Amino acid sequence: MGSALAQDQDAQKQDREVERARKEGKQLDKLVVTGSLIPQAQIETASPVITITAAQMQREGFSNVYDALRAQPLATGAVQDSQFSAGFTPGAKTISLLGLSPGFTLFLINGRPIADYPLLYNGESNFVDLSTVPMAMVDHIDILPGNQSSIYGSSAIAGVVNIVLKQHVEGVTLDYRAGGTSDGGGGNQRLQLVGGYNTDKLNMVYGVQISDTQAIWGFQRPISSSTNSNPNPNARYAPRNYLVMRYGAHPPYVDPVSLAGANPCAPIANQFGGTMSYQYRKGAGYYCGSKQSVGYATLQNPSTSYSGYLNADYRINDTTQVYGTLLYSFVKSKSYAGPGYTWWGANNGDYFVNANTGTFDYVQQTFAPEEQGGLDVSAERLRSRAYSFTGGVRGSVGQSDWAYDAYFARSQYNLSSQQRRTLGAKVDAFFESQFLGPNLGTYYGYPVYAPDYSKFYQGVTPAQYQSFTGVIDTQSETYTQNLNLQVTNTNLFDLPAGPVGVAGVLQAGNSSWSLPADPALVAGDFWGITGSSGAGKRDNYAAALEFKVPIFSMLTADLSGRYDHYKNINGSADSKPTYKLGLEFRPIESLLFRGNYATAFRAPDLGYAFIGPSGYYGKTNDYYRCAVLEPGVPIDQCTYTGVQYKGTQVGNANLKSITAKSYGFGVVWSPSSKLDFKADYYNIKINNEVNYQSVDQLMKDDSACLLGQLDINSPTCQAAISQVQRAPATSPLPYNLLGITKKPINVSKEMVAGIVASAHYRWDAGRWGDFGLGAEYNVTLKHTYQQYAGDPNIDLLHNPYYSSEYKSIFSSNLTWDIGNWTTTLYGIRYGATPNYTAQVNTTGYAAKGAGTVAPWILYNGSVEYRIGENARVGFIVNNIRNSMPPRDNTWIGWPYYNVFNYNAFGRAYWLEFNVRFGAGKK
């Protein structure tokens, strides 16, 4: 990425010093770089590192850390964010490096791990939330692809993202920006204050950031405002907000006119902004609905955040320094899943017997904002408190070359979540009194009512809504902490080609995850909703060693090894040695050839290990009932093919580590001080990946065991029979499938390979100023996945049923400095992705109508004017062309585009003022 609008002038100065050293071929002072424990002066090493500064992120149009990382060419994977407001983690944001699981990337702050988000990604696994990291405190971010466990331990499989905070600041900088979006919504403002205090012994950096962002609603974007945006003209009907449906009738929807007289929808016409009306769906019938109701969900969550930062180091004497760093963030946000998740249906959304007609009827009603008492009532309220702290002492041992760093690090994330939902018994009682009438008994298990439908199309008042709803309250927490002792020596002894460097680490710590479920939710008090819960803790110990060895003048080797041992409390224990070998070959000063081979591991997610029973529904083939009740009938023709079942997911505290091997090689060439090229190949293979048991295989094992084809006393049979629950043979429905329990196991394999490249050119145009041009590119060459042992490898790049990742991402930037003006234009091209039809069919691109959507190209820009030495004003635009997600004519579900790859935020703009005071105390 190119140079950028500085967060403060110190950031600009640091960028210029690094750039000047690069141009003039100077050696920089030795420092610790991401991917190594040994301080060194080389800008490029055996491991390819992509560095972006806070200045760059702002200049190129990124308002926060997440946006900047999501736009990196290495972040090719589709992920869930705030647009997936009905998901498990609507308040969190993360990225997927190289198309791998977010949990396979290790996120660090100043080289220390960040605590996981307390809620589980997709309801299954742990991951890191990036939304709490304030831009004001960031100095730069290093992104290092590939296996790095030999340096950092668990999780560094796809790579490492190290967020480095400011360590030294002169004076005080006040920065204010405000802006919005051209299509409405998303208004935001941010205030930052960053300062430093420096004496001969004390260096201190402090900062505060306050930001506020308003919601972007689906109804504020043409692509998602109503069902009229549906690319299929035949599917532009209104949602069934008020519906009575009769089993076996033609058409199945019962006309409201026949139930409530003329103008049946008039009493509820005020709902959804006055858009509720009498609607017709071809082949189905009439009902009351609003085409605009789908847009009453958030694409971007409203949020307010407060962050504080303090970093201080004090020199006790010439060889000893004490230091501490604290980053604290408090974020309030809201997520609105929309009316599709605030509804009620009689008999838990199933049929009941209508005593008046002797028919099986189905009734459903959604609750509009006017019924709830406003848009805000249905919001899921999220409050997070996160901090990262490090405190320690470092220095040198006498006058020797030995240095040490002893410190304690802790990162913690607390999350509070509240959401108002209907209470089953109360909502049922309310509608029984409203129109259903009392329960008259049951008929073959179905409840019997004598409904008065003339009272159905009345809606409810806010007071009535409050009377049958309650608040689901969840308080969750994660933390990770460790004690560390690190020693280094950049001149252990001399070889003919130069000094040997060494570093060693001893570490002991633990991590914890706690997600207790609301007791009322566990008791089933809430209508139509389940939740995940669980808690677990893990102890870990590690030792690591690294050597940097100059083999001869042109060739240097970097060797590292680490041994990790962890134990799940009340679970399994595991140990993993990992290692890495890196080589740097410099035939001439301007040319570097590099290569590396490494192993890595990820300790099993605490979520996978300790998740409590979590319910879901699915369909499966019941092989046993087909064999016993319909012998000789082919499975695809059997009555018990594709039967619905209630499933339960449970944790597995005896999971083993996920392991990985990777290698890579590349070249760095700087033919002149103004031009440089980099290109690197990466290849990562993952084994023992965690996945839930195959339900189909469980059903096959259960059948084989019950039929005597497998030993009933074998471990396989004992497990299958205990996990597949059936009714007894003497029941009215013999051997009926009551439920299936599945757990995660180490079973899957994955492989990804690709090339990442970049180029930068700088030139002086005399009186026309200075120009800089940069480009970055990542292309995935191969990505395969084997779900279960014996399965064929799935080609994720060509089988869209399993992945919608980007195959390639290209970005470029152009910067122009002239006088007091600096202008930057940044563009990014996301490659084509599969359309909806290709993603939902097991045959992928072979399905009728399957294909790809066009590449998505975005442009950001900024203009800055410097007012003297201490003030600046800038104007920043994100998505200059207001490009919406590429059109997918097959994506017929709201919001009519793939929210895991794209967003409909549109053009955003900010006006920014920056003033600097003083130069600090010397």
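These numbers come from a predicted model, not from an experiment.

Across its full length, the chain carries 16 helices and 44 strands. Taken over C-alpha atoms, the radius of gyration comes to 30 Å for the chain, in line with the 29 Å a tight globule of 922 residues would show. For the chain, the spread of C-alpha atoms along the three principal axes comes to 95 × 70 × 50 Å. Relative to its 922 residues, the chain shows a buried fraction of 56%.

Below, the discussion takes up empty space enclosed by the protein. Overall, the coordinates contain nine cavities of 30 Å³ or more when judged by the stated rule. Taken as a whole, the second largest cavity spans an internal volume of roughly 150 Å³. If you trace the second largest cavity, you find 22 residues lining it, with Pro 48, Pro 145, Asn 596, Gly 664 and Tyr 682 closest to the centre. Residue assignment for the lining of the second largest cavity shows that the elements contributing at least two residues are strand E28 (591-602), strand E31 (658-672) and strand E32 (675-692).

In this section: the packing of aromatic side chains. Here the structure, examined in full by the defined rule, presents 53 aromatic pairs. A ring pair is formed by Tyr 836 and Trp 891, whose centres lie 4.8 Å apart and whose planes are at 65 degrees; its orientation type is edge-to-face. Note that Tyr 836 is positioned in helix H16 (residues 836-840) and Trp 891 in the loop between strand E43 (871-878) and strand E44 (908-917), a separation of 55 residues in sequence. A relative accessible area of 11% means that Trp 891 is categorised as buried. Three or more aromatic residues joined by ring pairs make a cluster, and in this case those are Tyr 242, Trp 344, Phe 367, Phe 430, Phe 431, Phe 435, Tyr 453, Phe 456, Tyr 457, Tyr 465 and Phe 468. Between Arg 112 and the ring centre of Tyr 407, over which it is positioned, the NZ or CZ distance is 4.0 Å. Looking at Arg 394, its charged tip hangs above the ring of Tyr 323, at a distance of 4.0 Å from the centre.

Attention now goes to the sheet that holds strand E5 (residues 159-165). Ordered by their spatial adjacency, five strands build an open sheet running E1-E4-E5-E2-E3, and the pairing between neighbours is mixed. Of all strands in the sheet, those bounded by a partner on one side alone are strand E1 (50-53) and strand E3 (112-113). Sheet topology places strand E2 (residues 105-109) next to E5; five bridges connect them, and they run parallel. Bridge pairing in E5 places Leu 108 opposite Asn 162.

All chains considered together, the criterion is met by 22 salt bridges. A salt bridge links Asp 81 to Arg 70; the nearest nitrogen and oxygen atoms lie 3.6 Å apart. On the criterion of sequence distance, the pair formed by Asp 81 in the loop between helix H3 (65-70) and E2 and Arg 70 in helix H3 is long-range, its members being 11 residues apart. Arg 70 shares its class with Asp 81; the two are buried. Here the salt bridges do not stand alone but share partners, grouping Glu 44, Arg 594, Lys 678 and Asp 680 into one network.

Next up on the list: helix H14 (residues 695-706). For H14, spanning 12 residues, the distance from its first C-alpha to its last is 16 Å, which sits close to the expected 16 Å at 1.5 Å a residue. Of the positions making up H14, those classed as buried are Val 695, Leu 698, Met 699, Asp 701, Asp 702, Ser 703, Ala 704 and Cys 705. Those residues of H14 hidden inside the fold are in contact with strand E29 (614-620), helix H13 (623-629), strand E30 (643-649), helix H15 (715-723), strand E33 (724-726) and strand E34 (737-742). Gly 708, located one to two residues past H14, shows a positive phi value of around 80 degrees.

Residues Cys 717, Ala 720 and Gln 723 constitute the buried set of H15. The buried residues of H15 occupy one face: seen down the axis, they fall within an arc of 145 degrees. The exposed set on the far side of H15, more than 90 degrees from its buried face, consists of Pro 715 and Ser 722. Its buried side turned inward, H15 meets H14, E33 and E34.

Moving on, we come to the sheet that holds E30. Spatially, four strands are ordered E29-E30-E34-E33 in an open sheet, and the strand pairing comes out mixed. Because the sheet does not close on itself, it has two edges, and the strands there are E29 and E33. The mean inter-strand angle of the sheet, taken between neighbouring strand axes irrespective of direction, is 30 degrees. Bridging between E30 and E34 involves three bridges; their strand directions are parallel. Bridge assignment links Thr 648 to a residue of E34, and that residue is Thr 741. Relative to E33, H15 is tilted by about 55 degrees, and along the sheet it contacts E33 and E34.

Turning our attention to the packing of H14 against H15. Where H14 contacts H15, the two axes come as close as 9 Å, and the packing angle between them is 110 degrees. Judged on the interaxial angle alone, H15 and H14 are roughly perpendicular. In this structure, the crossing between H14 and H15 has a hand that is left-handed. Residues Leu 698, Asp 701, Asp 702, Cys 705 and Leu 706 of H14 form the contact with H15, whose participating residues are Thr 716, Cys 717, Ala 720, Ile 721 and Gln 723. Per-class residue counts for the contact of H14 with H15 are six nonpolar, two polar and two charged.

With that out of the way, let us pick up unusual backbone geometry. The omega angle of the peptide bond from His 250 to Pro 251 is 0 degrees, so this bond is cis rather than trans. Of note, Pro 251 is situated in the loop between strand E10 (242-246) and helix H5 (256-260). With omega at 5 degrees, the peptide bond leading from Trp 894 into Pro 895 counts as cis. Positive phi outside glycine occurs at Tyr 444, with the angle close to 50 degrees. As for its position among the elements, Tyr 444 is in the loop between strand E21 (442-443) and strand E22 (446-449). For Tyr 444, a relative accessible area of 73% corresponds to the exposed category. Backbone geometry places Tyr 896, a non-glycine residue, at a positive phi of 75 degrees. Within the fold, Tyr 896 resides in the loop between E43 and E44. On the accessibility criterion, Tyr 896 (6% relative accessible area) is buried.

The subject of this paragraph is the environment of Ser 293. If you trace the backbone, Ser 293 turns up in the loop between strand E12 (285-289) and strand E13 (298-300). By relative accessible area, which is 1% here, Ser 293 ends up buried. Remark: the alpha-carbon pair of Ser 293 and Thr 366, spanning 73 residues in sequence, is separated by 9.7 Å. Here Ser 293 is in contact with Pro 239, Asn 241, Phe 272 and Pro 339, once residues within four sequence places are set aside. Within the local environment of Ser 293, its side chain forms a polar contact with the backbone oxygen of Ser 290, the two atoms lying 2.9 Å apart.

Alternating positions in E30 separate cleanly, Val 643, Tyr 645, Gly 647 and Gln 649 being buried on one face and Gln 644, Lys 646 and Thr 648 remaining unburied on the opposite face. As paired elements, E29 and E30 share seven bridges and run antiparallel to each other. Within E30, the position partnered with Thr 620 by the bridge is Val 643.

Rules behind the numbers
- Residues numbered from 1 in each chain as written.
- Predicted model: local features only at pLDDT ≥ 70, side-chain atom pairs only at ≥ 80, totals over all residues.
- Heavy atoms only, no water.
- Helix = DSSP H or I, 4+ residues; strand = E, 2+ residues; numbered from the N terminus.
- Rg over C-alpha atoms; globule rule 2.2 N^0.38 Å.
- Buried < 20%, exposed > 50% of the residue type's maximum accessible area, 1.4 Å probe, protein only.
- 1 Å grid on protein atoms, 1.4 Å probe; cavity = no way out; pocket = protein on both sides within 12 Å on 5 of 7 lines; lining within 4 Å.
- Points joined across faces, edges and corners; volume = space filled by probe spheres on them.
- Phe/Tyr/Trp six-rings, centres within 6.5 Å; stacked < 30°, edge-to-face > 60°.
- Lys NZ or Arg CZ within 6 Å of the ring centre and 35° of its normal.
- Pairing = 2+ DSSP bridges.
- Salt bridge = Lys/Arg side-chain N within 4 Å of Asp/Glu carboxyl O.
- Expected span 1.5 Å × (residues − 1).
- Contact = heavy atoms within 4.5 Å.
- Arc of directions from axis to C-beta.
- Axes fitted to C-alpha atoms, helices over the stretch in contact; angles between N-to-C directions.
- Parallel < 35°, antiparallel > 145°, perpendicular 65-115°, else oblique.
- Left-handed = near helix turned anticlockwise from the far one by under 90°.
- Nonpolar A, V, L, I, M, F, W, Y, C, P; charged D, E, K, R; others polar.
- Polar contact = N/O pair within 3.5 Å; in protein donor to acceptor, adjacent residues only side chain to side chain.

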